[in-house]
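Remarks on the overall topology
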Amino acid sequence: YWLIGAKDVRFSFSKKGLAVFTVANRHVVHLHEYPLLAATPFVVITIVLGILMPQFTAYYTFFMVLILIHSIACAGDMMLIDFAIKNWKREIYNYDDFEEKKSYFFEQSAP
């Protein structure tokens, strides 16, 4: 989010969903930015785990389980990428409000 200009990026945790996520508080994000935003955590964390795995060969199974759990946890991100691709031609924007714990999606109507 920082790379696309968000000033107030916050990290949060959902106990119910056992998920860690970031929120660009009060920052408008275009749907076209979602594939990069959603894929980055999956790619970065998977690469880091892949680099660490050969360093700790005794824990190979542990790292494989971590990669598996992380991949499953990123399913929501993959759904966002799918949504963005399917709706690529539409002008859809997202706005998160951290205090209200809500995420809004708006579509710009045709003139």
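Look up: the structure comes first, before these words.
None of these values were measured; they are calculated from a predicted model. Every chain's residues receive numbers from 1 upward, in the order its sequence appears when written. Restriction of local features to residues with pLDDT of at least 70 applies here, the model being predicted, together with a cutoff of 80 or more for giving and counting side-chain atom pairs; totals for whole chains, interfaces and linings are based on all residues. The basis for every side-chain value is the complete set of heavy atoms in the structure, and neither hydrogens nor water enter the calculation.

Each helix is a run of H or I in the DSSP string that is no shorter than four residues. Each strand is a run of E no shorter than two, and both are numbered from the N terminus. Expected helix span is given by 1.5 Å per residue-to-residue step, counting one fewer step than there are residues. Over its 19 residues, helix α1 (residues 34–52) runs 28 Å from end to end, which matches the ideal 27 Å to within 8%, given 1.5 Å per residue. At any given residue, the bend is defined as the angle formed between two axes, one fitted to the seven residues that end at that position and one fitted to the seven that begin there. Largest kink in α1: about 35°, centred on T40, with the proline P41 one to four residues after it. Within the sequence span of α1, burial applies to Y34, L37, A38 and L49. For α1, the elements touching its buried residues are β3 (28–30), α2 (60–73), α3 (75–86), β4 (92–97) and β5 (102–107). When a residue's accessible area, from a 1.4 Å probe over protein chains only, is under 20% of the maximum for its type it is buried; when over 50% it is exposed; and in between it is partly exposed. Between two residues, a contact is recorded if the distance between any of their heavy atoms is within 4.5 Å.

A fitted line through C-alpha atoms serves as each axis, taken over the contacting stretch for helices, and the angle formed by two N-to-C directions is quoted from 0 to 180°. Relative to each other, α1 and α2 sit at 175°, their axes nearing to 10 Å. On the basis of the axis angle, α1 is roughly antiparallel to α2. For the pair α1 and α2, the contacting residues are P41, F42, I45, T46, L49 and L52 in the first and F63, L66, I67, H70 and S71 in the second. The residue classification treats Ala, Val, Leu, Ile, Met, Phe, Trp, Tyr, Cys and Pro as nonpolar and Asp, Glu, Lys and Arg as charged. All others, Gly included, are polar. A class-by-class count of the residues in the contact of α1 with α2 yields eight nonpolar, three polar and no charged. Our angle categories are set so that under 35 degrees counts as roughly parallel, over 145 as roughly antiparallel, 65 to 115 as roughly perpendicular, and the remainder as oblique.

Another aspect to go through is the sheet that holds β3. Pairing is antiparallel in the open sheet, where three strands are placed in the order β3-β4-β5. The open sheet is flanked by β3 and β5, the only strands paired with a single partner. Geometrically, the sheet is characterised by an average inter-axis angle of 25° between neighbouring strands, direction not taken into account. Here a strand pair is declared whenever DSSP counts at least two bridges between the two strands. Note: β3 against β4, three bridges, orientation antiparallel. Bridging from a neighbouring strand, H30 pairs with Y93 of β4.

Our focus in this paragraph is the packing of aromatic side chains. Pairing of aromatic rings covers Phe, Tyr and Trp, the last counted by its six-membered ring, and requires centre-to-centre distances within 6.5 Å; plane angles under 30 degrees mean stacked, over 60 mean edge-to-face, and any other angle means tilted. Scanning the model with the defined rule gives six aromatic pairs in all. An angle of 25° between the planes, with centres 6.2 Å apart, marks the rings of F56 and F63 as stacked. With relative accessibility at 41%, the residue F56 sits in the partly exposed group. Judged by relative accessible area, which is 8%, F63 ranks as buried. Taking 5.7 Å as the distance between ring centres and 75° as the angle between the ring planes, the aromatic pair formed by F62 and F63 counts as edge-to-face.

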